[in-house]
Amino acid sequence: GIQVEQSPPDLILQEGANSTLRCNFSDSVNNLQWFHQNPWGQLINLFYIPSGTKQNGRLSATTVATERYSLLYISSSQTTDSGVYFCAVELIYNQGGKLIFGQGTELSVKP
Amino acid sequence: KAGVTQTPRYLIKTRGQQVTLSCSPISGHRSVSWYQQTPGQGLQFLFEYFSETQRNKGNFPGRFSGRQFSNSRSEMNVSTLELGDSALYLCASSSGLAGADTQYFGPGTRLTVL
């Protein structure tokens, strides 16, 4: 089956620093989403990005589908950015979709 | 509009018991998917329902089952609980247009099996 790999697995930043998280996937996919899991476990949608580049405030994401990777950029990080970031690719079966998640990048932003 | 809701938020059960978890999707969404999150296996797909029909099922034993009602609310059931079923169970809702829509997740139900 398709493999989704995220790097780095852990990242510690000082507040105000920038970072890049990477997601590689082993096969063609229908779409890709980035999520932030907060300390209470909820997955918060960041981007729905099957291809191209999107920006939302201090966050931006780029997916290069032909090369099977996606990047999440966090600029001027804040302590509230701490948590686990997941990328997930969607596969379609029987007209329905299922998400295959990477193992996540755990980000800790220190004040 | 209201987000995805899941009940209960926390649950403690003992081995051999069964449990039912509930998920109410965003109004107008017809697809509900369930995922299990554990420290060892990460986030894994359980099943997806659309218009009361199961469209897809993940690689889980038959002890895990689900259903969807006509109002799109979904329940999942786990019978004969095992210690390894301790996990965060997340449901996600979407319009059901696979490959063309964002999935929105609820806050999860944290199940502990003793």
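Look above for the structure.
A brief look at the structure comes next. Here the structure is a predicted model, which is why all the values come from computation and not from measurement.

As for the overall build of chain A
Right, so step 1: Tallying secondary structure elements over chain A gives zero helices and eleven strands in all.
Right, so step 2: Order of helices (α) and strands (β) in chain A, N terminus to C terminus: β-β-β-β-β-β-β-β-β-β-β.
Right, so step 3: Expected size for 111 residues packed as a compact globule is a radius of gyration near 13 Å; at 14 Å, chain A falls within 12% of this value.
Right, so step 4: Projected onto its principal axes, the C-alpha coordinates of chain A cover approximately 45 × 30 × 20 Å.
Right, so step 5: Taken across its 111 residues, chain A has 50% of its residues classed as buried.
Right, so step 6: Sequence-distant contacts in chain A: of pairs separated by 6 or more residues, those separated by 24 or more amount to 55%.
Right, so step 7: If you sum the accessible surface of chain A, you get close to 5300 Å²; carbon and sulfur atoms cover 47% of it.

Focus: the nonpolar core
Right, so step 1: One finds A:W34 and A:L72 to be the most contacted residues of the largest nonpolar core, which totals 23 residues.
Right, so step 2: If you list the elements that add at least two residues to this core, you get β2 (10-14), β3 (19-25), β4 (31-37), β5 (43-48), β7 (59-64), β8 (69-74), β9 (83-93) and β11 (105-110) of chain A.
Right, so step 3: Filtering out sequence-adjacent residues up to four positions away, A:L72 remains in contact with A:S19, A:T20, A:L21, A:W34, A:L46, A:F47, A:S60, A:A61 and A:Y85.
Right, so step 4: Grouped together as the second largest cluster of nonpolar side chains are 21 residues, B:L21, B:C23, B:W34 and B:L81 included.

Some points on the packing of aromatic side chains
Right, so step 1: A full pass over the atoms with the stated rule returns nine aromatic pairs over all chains.
Right, so step 2: Ring centres of A:F35 and A:F101 lie 5.8 Å apart, and the angle between their planes is 40 degrees; on these two criteria the pair is classed as tilted. Of this pair, A:F35 sits in strand β4 while A:F101 is found in strand β10 (residues 96-101), placing the two residues 66 residues apart along the sequence.
Right, so step 3: With a relative accessible area of 0%, A:F35 lands in the buried category.
Right, so step 4: A centroid spacing of 5.6 Å and a plane angle of 85 degrees characterise the contact between A:F101 and B:Y35, whose relative ring orientation is edge-to-face. With A:F101 in strand β10 and B:Y35 in strand β4 (residues 31-38), the pair connects residues from two separate chains. In this structure, A:F101 and B:Y35 share a single accessibility class: buried.
Right, so step 5: Clustering of aromatic rings is evident, with ring pairs tying together A:F35, A:F86, A:F101, B:Y35, B:F45 and B:F105.

Some thoughts on the state of the cysteines
Throughout this description, disulfide means a covalent bond between two cysteine sulfur atoms.
All names here are of chain A.
Right, so step 1: The final tally for this structure, using the stated rule, is two disulfides over all chains.
Right, so step 2: With a sulfur-sulfur separation of 2.0 Å, C23 is cross-linked through a disulfide to C87. Between C23 and C87 the disulfide shows an S-S torsion of about 70 degrees. By sign, it is right-handed. On the criterion of sequence distance, the pair formed by C23 in strand β3 and C87 in strand β9 is long-range, its members being 64 residues apart. Each member of the pair, C23 as well as C87, carries the same accessibility label: buried.

Some words on empty space enclosed by the protein
Right, so step 1: Inspection of the entire model under this criterion finds one cavity of 30 Å³ or more.
Right, so step 2: When its volume is computed, the largest cavity comes out at roughly 60 Å³.
Right, so step 3: As for the largest cavity, its lining consists of twelve residues, of which A:E90, B:S31, B:E48, B:S94 and B:Q103 are closest to the centre.

Conventions used here
Residues numbered from 1 in each chain as written. Chains lettered and ligands numbered in written order. Predicted model: local features only at pLDDT ≥ 70, side-chain atom pairs only at ≥ 80, totals over all residues. Heavy atoms only, no water. Helix = DSSP H or I, 4+ residues; strand = E, 2+ residues; numbered from the N terminus. Rg over C-alpha atoms; globule rule 2.2 N^0.38 Å. Buried < 20%, exposed > 50% of the residue type's maximum accessible area, 1.4 Å probe, protein only. Contact = heavy atoms within 4.5 Å. Areas by Shrake-Rupley, 256 points an atom, 1.4 Å probe, with all protein chains shown as cover. Core = buried A, V, L, I, M, F, W, Y, C linked by side-chain atoms within 4.5 Å. Phe/Tyr/Trp six-rings, centres within 6.5 Å; stacked < 30°, edge-to-face > 60°. Disulfide = S-S within 2.5 Å. 1 Å grid on protein atoms, 1.4 Å probe; cavity = no way out; pocket = protein on both sides within 12 Å on 5 of 7 lines; lining within 4 Å. Points joined across faces, edges and corners; volume = space filled by probe spheres on them.

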